[in-house]
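If you want the building blocks of each chain, they are given just below.
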Amino acid sequence: MLLWLYGGAHAQSYAPYRAPVPQAAFRIAADEDTIRGWRRGGDGTLNFSQVSLSNWAPGGQSSLSLLALGNGYVYFRGENHTFALATNLVYGLLKAGKSKVRKNDDRLELNARYARNYANKWSYAAQLNLKTQLTPTNDITKPDSLLSKFFAPAYILASIGFEYKPSDDFSLFLSPATGKFTVVNDQRLADVGAFGVKAARLDADGLPIIGSGERMREELGAYLNVRYRRGLMSNITYQTRLELFSNYFHNPQNIDVNWENLLDFKVNKFFSASVATALVYDDDVLVPLNADKQNKDFNAQGRRIQFKETLGIGLTYKF
């Protein structure tokens, strides 16, 4: 389910921050069927890649990477209502050349959903979604500069609405009343207005008042969530999830977008491969514009579409 500028001289007094990197791997939902009662399950995948170079004329860098993905669920189907609780976890490490081991992916997502049928293929539904990360992230060029950490940020969506579900492979959830909460549980990041929260107030000299930045931003708006799954072949499955959110009281025409796609290949019981993409746009999130070192202003930031793609091949265990 679904998701800022205090720049200039004042921003230089604090650790720089960066918009959250779009997440790569995800599982849309647990398999569902018409059997009533409780079900539970999940799976875990460990992807590994390694490149070793020695006296390699064209050049390059030896590297080692490890990506762990896991998801679990509990699901209940009654006579006219359903309940689902699911969690997704992604964590990756990378070592390039002689550099230290660094994190290159980090995601924790929790989803809870209750739906009660009132007509054929239609339900009243309530959803709760939480997205955050597990460990701190620092700037590559400034190891002492904190960019993000657990619950800084955290995105929480609480929605009440209607769900149209003609089959287990497709669902459309529309909520006219959704609360979106952005939590930045670190005062240093809150003081610079990271991830869209209100930055620290300024004193008479125009300097920020330490500790006055707000740690939470509340929004109320409309939310749309569309999920689709299709088996392309006996061992290939395509899944997609599109989330749209519009704030009623602040630029409602600027819609937040979160679009995730997953192509899953099952080689056998233990080996699998996947290609995942994530596209994110949030008008309130400012991303660094000096990644290519073409901007004269080191702190240049702007609104941009964020995109990430991941290819993984590894071991899978299903329970």
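Residues numbered from 1 in each chain as written. Predicted model: local features only at pLDDT ≥ 70, side-chain atom pairs only at ≥ 80, totals over all residues. Heavy atoms only, no water.

### A closer look at the overall build of the protein chain
Operational definition: Numbered from the N terminus, helices here are DSSP runs of H or I no shorter than four residues, and strands are runs of E no shorter than two. Burial classes follow relative accessibility: with a 1.4 Å probe on protein chains only, a residue under 20% of its type's maximum area counts as buried, one over 50% as exposed, and anything between as partly exposed. Areas reported as accessible are Shrake-Rupley estimates using a 1.4 Å probe. Residue values count occlusion only from the protein chains shown.
Within the protein chain, the secondary structure is distributed over two helices and 16 strands. A burial count over the protein chain gives 43% of its 319 residues as buried. Surface summary for the protein chain: the accessible area is close to 17,400 Å², and the carbon and sulfur share equals 61%.

### Looking at a nonpolar patch on the surface
We apply this condition: The residues that make up patches have over 30% relative accessible area and no salt bridge, and they are joined within 9 Å when like-charged or within 5 Å when they are Val, Leu, Ile, Met, Phe, Trp or Tyr. Each salt bridge in this description consists of a side-chain nitrogen of Lys or Arg and a carboxyl oxygen of Asp or Glu lying within 4 Å of one another.
Side chains of Leu46, Phe48, Leu64, Leu66, Leu93, Val101, Val267, Phe270, Phe271 and Leu315 sit close together on the surface and give an oily, nonpolar patch of about 920 Å² of accessible area. You can see Leu64 is positioned in strand β2 (residues 63-77). Judged by its relative accessible area of 38%, Leu64 falls in the partly exposed class.

### Concerning the pattern of salt bridges
According to the stated counting rule, one finds 16 salt bridges in the structure shown. Two residues, Glu109 and Arg241, come together in a salt bridge whose shortest N-O distance is 3.1 Å. With Glu109 in strand β4 (residues 102-119) and Arg241 in strand β11 (residues 236-247), this pair connects stretches of sequence that are 132 residues apart. Each member of the pair Glu109 and Arg241 is classed as buried. By sharing partners, the salt bridges in this structure join Arg107, Glu109, Arg241 and Glu260 into a single network.

### So, the sheet that holds strand β1 (residues 37-51)
Strand pairing in a sheet relies on backbone hydrogen bonds, with the paired strands running either antiparallel or parallel. Counted only if it meets this: Whether two strands pair comes down to DSSP finding at least two bridges between them. Interaxial angle, 0 to 180 degrees, is taken between N-to-C directions of lines fitted to C-alpha atoms, where a helix line uses only the stretch in contact.
Pairing is antiparallel around the closed barrel formed by 12 strands, whose spatial order is β1-β2-β3-β4-β5-β8-β9-β10-β11-β12-β13-β16. Neighbour to neighbour, the strand axes of the sheet diverge by 20 degrees on average, direction disregarded. The pairing of β1 with strand β16 (residues 306-318) spans five bridges and is classified as antiparallel. By the bridge assignment for β16, Gly44 is matched with Tyr317.

### What to know about the nonpolar core
Using the following cut-off: What is meant by a nonpolar core is a set of buried Ala, Val, Leu, Ile, Met, Phe, Trp, Tyr and Cys residues, joined one to another through side-chain atoms within 4.5 Å. Whether two residues touch is decided by their heavy atoms; if any such pair falls within 4.5 Å, the residues are in contact.
Core analysis: the biggest nonpolar cluster contains 10 residues, these being Leu146, Ala152, Tyr155, Val184, Leu189, Ala190, Val192, Ala194, Phe195 and Val197. Setting aside residues no more than four positions away along its own chain, Val197 makes contact with Thr182, Val184, Ala190, Glu214, Arg215, Met216 and Arg217. Core analysis: the next-biggest nonpolar cluster, separate from the first, contains six residues, Ala125, Leu157, Phe173 and Tyr223 among them.

### Comments concerning the packing of aromatic side chains
Inclusion rule: Pairing of aromatic rings covers Phe, Tyr and Trp, the last counted by its six-membered ring, and requires centre-to-centre distances within 6.5 Å; plane angles under 30 degrees mean stacked, over 60 mean edge-to-face, and any other angle means tilted.
Within the structure shown, the criterion is met by eight aromatic pairs. Ring centres of Trp38 and Phe83 lie 6.5 Å apart, and the angle between their planes is 70 degrees; this geometry places the pair in the edge-to-face category. Residue Trp38 is found in strand β1, and its partner Phe83 is found in strand β3 (residues 81-96); the two are separated by 45 residues along the sequence. Overall, Trp38 belongs to the exposed group, its relative accessible area being 58%.

### As for the environment of Gly196
Note that Gly196 resides in the loop between α2 (187-191) and β10 (216-233). A relative accessible area of 13% places Gly196 in the buried class.

### Some points on the environment of Val74
Relative to the assigned elements, Val74 resides in strand β2. Separated by 12 residues in the primary sequence, Val74 and Ala86 place their C-alpha atoms 6.5 Å from one another. Residues within four places of Val74 in sequence aside, it is in contact with Arg39, Arg40, Phe83, Ala84 and Leu85.

### Notes on the side chain of Lys308
Here is the rule we go by: N or O atoms within 3.5 Å of each other form a polar contact, as long as, within protein, one can give a hydrogen and the other can take it, and as long as residues adjacent in sequence are counted only when both atoms are side-chain atoms.
Positionally, Lys308 belongs in strand β16. Of the residues examined, Lys308 reaches a relative accessible area of 15% and is grouped as buried. A polar contact of 3.5 Å, which involves the side chain of Lys308, links it to the backbone oxygen of Asn104.

### Structural notes on the confidence of the model for the protein chain
Filter applied, for reference: You can read pLDDT as the predictor saying how much it trusts each residue, on a scale of 0 to 100.
A residue-level look at the protein chain finds 84% of positions with pLDDT of 70 or above and a mean pLDDT of 83. Within the model, pLDDT remains below 50 along residues 1-33, and this stretch shows 141 contacts once partners closer than five positions in the same chain are excluded.

### Thoughts on unusual backbone geometry
Put simply, Ala152 and Pro153 share a cis peptide bond, and its omega is 15 degrees. In this structure, Pro153 sits in the loop between β7 (146-148) and β8 (154-167). Phi angles above zero are rare outside glycine, and Lys121 is one such case at about 75 degrees. Along the polypeptide, Lys121 turns up in the loop between β4 and β5 (122-132). Despite not being glycine, Phe151 shows a phi value in the positive range, around 60 degrees. Counting through the fold element by element, Phe151 comes out in the loop between β7 and β8. Since its relative accessible area comes to 23%, Phe151 is described here as partly exposed.

### A closer look at the pairing of β10
Two elements, strand β9 (residues 170-183) and β10, share 12 bridges in a ladder whose sense is antiparallel. Residue pairing in the sheet places Gly179 in a bridge with Leu220 of β10. Taking the residues that link successive antiparallel strands as the turn, the β10-β11 hairpin has two residues.

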